[in-house]
6 protein chains.
Amino acid sequence: MPYINIKVTKENLSQKQKAKIIEGVTAVIEDVLDKKKRTTVIIIDEVDTDNWGIQGEQVSIRRQRNNE
Amino acid sequence: MPYINIKVTKENLSQKQKAKIIEGVTAVIEDVLDKKKRTTVIIIDEVDTDNWGIQGEQVSIRRQRNNE
Amino acid sequence: MPYINIKVTKENLSQKQKAKIIEGVTAVIEDVLDKKKRTTVIIIDEVDTDNWGIQGEQVSIRRQRNNE
Amino acid sequence: MPYINIKVTKENLSQKQKAKIIEGVTAVIEDVLDKKKRTTVIIIDEVDTDNWGIQGEQVSIRRQRNNE
Amino acid sequence: MPYINIKVTKENLSQKQKAKIIEGVTAVIEDVLDKKKRTTVIIIDEVDTDNWGIQGEQVSIRRQRNNE
Amino acid sequence: MPYINIKVTKENLSQKQKAKIIEGVTAVIEDVLDKKKRTTVIIIDEVDTDNWGIQGEQVSIRRQRNNE
């Protein structure tokens, strides 16, 4: 029954990558909690780099600066 | 003042369906908490079926398989 | 599969009240989405009134002032 | 290390406005917590007015009515 | 930079189990996203079984019934 | 109407500090969005350092190590 919300910056994650995240994270959770037949639910949110701030600055701006 | 976040898979929910969810859920909450003049806030997130996992598998894949 | 998170101020909600919220909100969601066998998940968070702000002020302070 | 999630209705927030929110909110948090070198993370979600309910009614409908 | 929120029912998770969840989930995310030096943040919420509903019923009640 | 959720590690935040966070963050948001009479809602979650992971490690462990 665990519920997991994963937020990553939006950068063309493929369906396969999302599948791997869902499969891998579910496996970790169910392994540690050591129970069968759990119904782990995972939701992935892809967030625009303009909408993600770190240390007071947009990720979009940080990346631009780092690539200059 | 209750705050409610509802996540459903994205599948063409109409404006009317969203209105009904908002109206109905607010009514339940305010009825149980038994107070007038509450300002219940509800936010509905519609999530792509590729981004929703259940039991380690994407909803998009589960549905494909079930429809084969 | 809908996932719902409900945040209310912590004020001695009984187990019965929580049961009614869970039952009522699930009924609304499943009725509007019109599907059988959905596995709606609901999580209720009870938040201390010191940790809840509205219009720039703690709920605990607002209530104190209103009761004076 | 604080993590902050900000939900606002979607209404053409500019990149600059988002930058100001991220900068300003980070400054408040780090000032109050009085620590250097914190890595505050902020995520802004812009929510469609059809998906936001207040007092049992969609924001999109409330606005329409108020503008009539 | 990914941010992950994990909600599980409160049932005496040890510090070690939490450490394993944090380590394991971070490894999956960073492996799939294939980047070094990411600062993955994980927050685990432990939720009372009275506050968790599934299919319209509290987990605390479901467990009682299943153990009878 | 903005809704803001702030997660910080649990470390004896005073009522006053919470009040300052609520007041300051509300001011930033309302200033940038440039509207009067908004009803900004803020919820602060204080998270145990065992339940917060960063770069694959619990904050409680990181702090212990850094203090040795």
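Everything discussed here concerns the structure shown above.
Rules of the game
- Residues numbered from 1 in each chain as written.
- Chains lettered and ligands numbered in written order.
- Predicted model: local features only at pLDDT ≥ 70, side-chain atom pairs only at ≥ 80, totals over all residues.
- Heavy atoms only, no water.
- Least-squares fit on C-alpha atoms with pLDDT ≥ 70 in both.
- Contact = heavy atoms within 4.5 Å.
- Buried area = accessible area lost by both parts, 1.4 Å probe.
- Salt bridge = Lys/Arg side-chain N within 4 Å of Asp/Glu carboxyl O.
- Polar contact = N/O pair within 3.5 Å; in protein donor to acceptor, adjacent residues only side chain to side chain.
- Helix = DSSP H or I, 4+ residues; strand = E, 2+ residues; numbered from the N terminus.
- Nonpolar A, V, L, I, M, F, W, Y, C, P; charged D, E, K, R; others polar.
- Pairing = 2+ DSSP bridges.
- Axes fitted to C-alpha atoms, helices over the stretch in contact; angles between N-to-C directions.
- Expected span 1.5 Å × (residues − 1).
- Buried < 20%, exposed > 50% of the residue type's maximum accessible area, 1.4 Å probe, protein only.

J.: What exactly am I supposed to notice about the relation of the copies chain B and chain A here?
T.: Note that the two copies of the chain are related through a rotation about an axis and a translation along the same axis. Overlaying chain B on chain A yields an RMSD of 0.0 Å, the required transformation being a rotation through 120 degrees with an accompanying axial translation of 0.0 Å. Within this description, the copies of the chain are treated as partners about a three-fold rotation axis. Among all residues of chain B, the one whose C-alpha sits closest to the rotation axis is B:D45, at a distance of 5.8 Å.

J.: It is not clear to me how the interface of chain B and chain A should be interpreted in this structure. Could you clarify?
T.: As a measure of interface size, the accessible area lost when the parts come together is often cited. Taken together, the 13 residues of chain B in the interface contact 16 residues of chain A. For the chain B and chain A pair, buried surface summed over both sides reaches about 1,200 Å², with 52% attributable to carbon and sulfur atoms. Between the two partners, chain B and chain A, sit 0 salt bridges. Taken together, the links from chain B to chain A amount to 8 residue pairs in polar contact (both at pLDDT 80 or more). Contributing elements (two or more residues each) for the side of chain B that touches chain A: strand 3 (52-54), strand 4 (57-58) and helix 2 (59-67) of chain B. For the side of chain B that touches chain A, the per-class residue count stands at 4 nonpolar, 6 polar and 3 charged.

J.: Just checking my understanding: could you explain the environment of C:K10 for this structure?
T.: All names here are of chain C. Position of K10 among the secondary structure elements: in the loop between strand 1 (3-9) and helix 1 (15-33). Separated by 38 residues in sequence, K10 and D48 place their C-alpha atoms 5.3 Å apart. Not counting residues within four places of it along the chain, the set of residues in contact with K10 comprises E46, V47 and D48.

J.: Looking at this structure, how should I read the sheet that holds strand 2 (residues 41-47) of chain C?
T.: Note: strands within a sheet are paired through backbone hydrogen bonds, in either parallel or antiparallel orientation. Strand order in the open sheet formed by 8 strands is 4(D)-3(D)-2(B)-1(B)-1(C)-2(C)-3(E)-4(E), and the pairing between neighbours is mixed. Here the strands that pair on one side only, and so sit at the sheet edges, are strand 4 (57-58) of chain D together with strand 4 (57-58) of chain E. Pairing analysis gives 3 bridges linking strand 2 (residues 41-47) of chain B to strand 3 (residues 52-54) of chain D, with the strands arranged antiparallel. Within strand 3 of chain D, the position partnered with B:I42 by the bridge is D:G53.

J.: Looking at this structure, how should I read the sheet that holds strand 2 (residues 41-47) of chain E?
T.: The strand order across the open sheet built from 8 strands is 4(B)-3(B)-2(A)-1(A)-1(E)-2(E)-3(F)-4(F), with neighbouring strands paired in mixed fashion. Of all strands in the sheet, those bounded by a partner on one side alone are strand 4 of chain B together with strand 4 (57-58) of chain F. Of the pairings in the sheet, the one linking strand 1 (residues 3-9) of chain A to strand 1 (residues 3-9) of chain E comprises 5 bridges and is antiparallel in character. Pairing of A:K7 across the sheet is with E:Y3, part of strand 1 of chain E. Packed onto the sheet, helix 1 (residues 15-33) of chain E meets strand 1 of chain A, strand 1 and strand 2 of chain E together with strand 3 (52-54) and strand 4 of chain F and runs at close to 140 degrees relative to strand 2 of chain E.

J.: Just checking my understanding: could you explain the interface of chain E and chain A for this structure?
T.: On the side of chain A, 26 residues touch chain E, which itself brings 26 residues to the contact. Contact between chain E and chain A buries roughly 2,100 Å² in total, counting both sides, with carbon and sulfur atoms accounting for 74%. The largest contributions to the chain E side of the interface with chain A come from E:M1, E:Y3 and E:V32, which together make up 26% of the buried area. On inspection of chain E and its partner chain A, the count reaches 0 salt bridges. One can count 5 residue pairs in polar contact (both at pLDDT 80 or more) joining chain E with chain A. Only strand 1, helix 1, strand 3 (52-54) and helix 2 (59-67) of chain E provide two or more residues apiece to the side of chain E that touches chain A. In terms of residues, the side of chain E that touches chain A owes the most to one element, helix 1 of chain E, which gives 9 residues.

J.: When you look at helix 1 of chain C in this model, what are you seeing that I'm missing?
T.: Along an α-helix, residues three or four positions apart point the same way, because every turn accommodates 3.6 residues. With 19 residues, helix 1 of chain C should reach 27 Å at 1.5 Å per residue; the first-to-last C-alpha distance of 27 Å fits that figure. Of the residues making up helix 1 of chain C, those classed as buried are C:K18, C:I21, C:I22, C:G24, C:V25, C:T26, C:V28, C:I29, C:V32 and C:L33. As for helix 1 of chain C, its buried residues are in contact with strand 1 (3-9) and helix 1 (15-33) of chain B, strand 1 and strand 2 of chain C together with strand 3 and strand 4 of chain E. Just downstream of helix 1 of chain C, C:D34 is the residue with a positive phi angle, here 55 degrees.

J.: Looking at this model, I keep getting lost on the pairing of strand 2 (residues 41-47) of chain D. Mind explaining?
T.: Along any regular strand the residues' side chains alternate between the sheet's two faces. All names here are of chain D. Across the 7 residues of strand 2, 6 count as buried, placing the element largely inside the fold. Pairing geometry for strand 1 (residues 3-9) and strand 2, over 7 bridges, is parallel. Along strand 2, the bridge assignment pairs I4 with I42.

J.: Honestly, the relation of the copies chain E and chain A in this entry has me stumped. Any pointers?
T.: Overlay of chain E on chain A (RMSD 0.0 Å): rotation 180 degrees, translation along the axis 0.0 Å. What the superposition gives is, in effect, a two-fold axis relating one chain to the other. Take the interface residues of chain E: 100% of them recur as interface residues in chain A, which is what a same-surface contact looks like.

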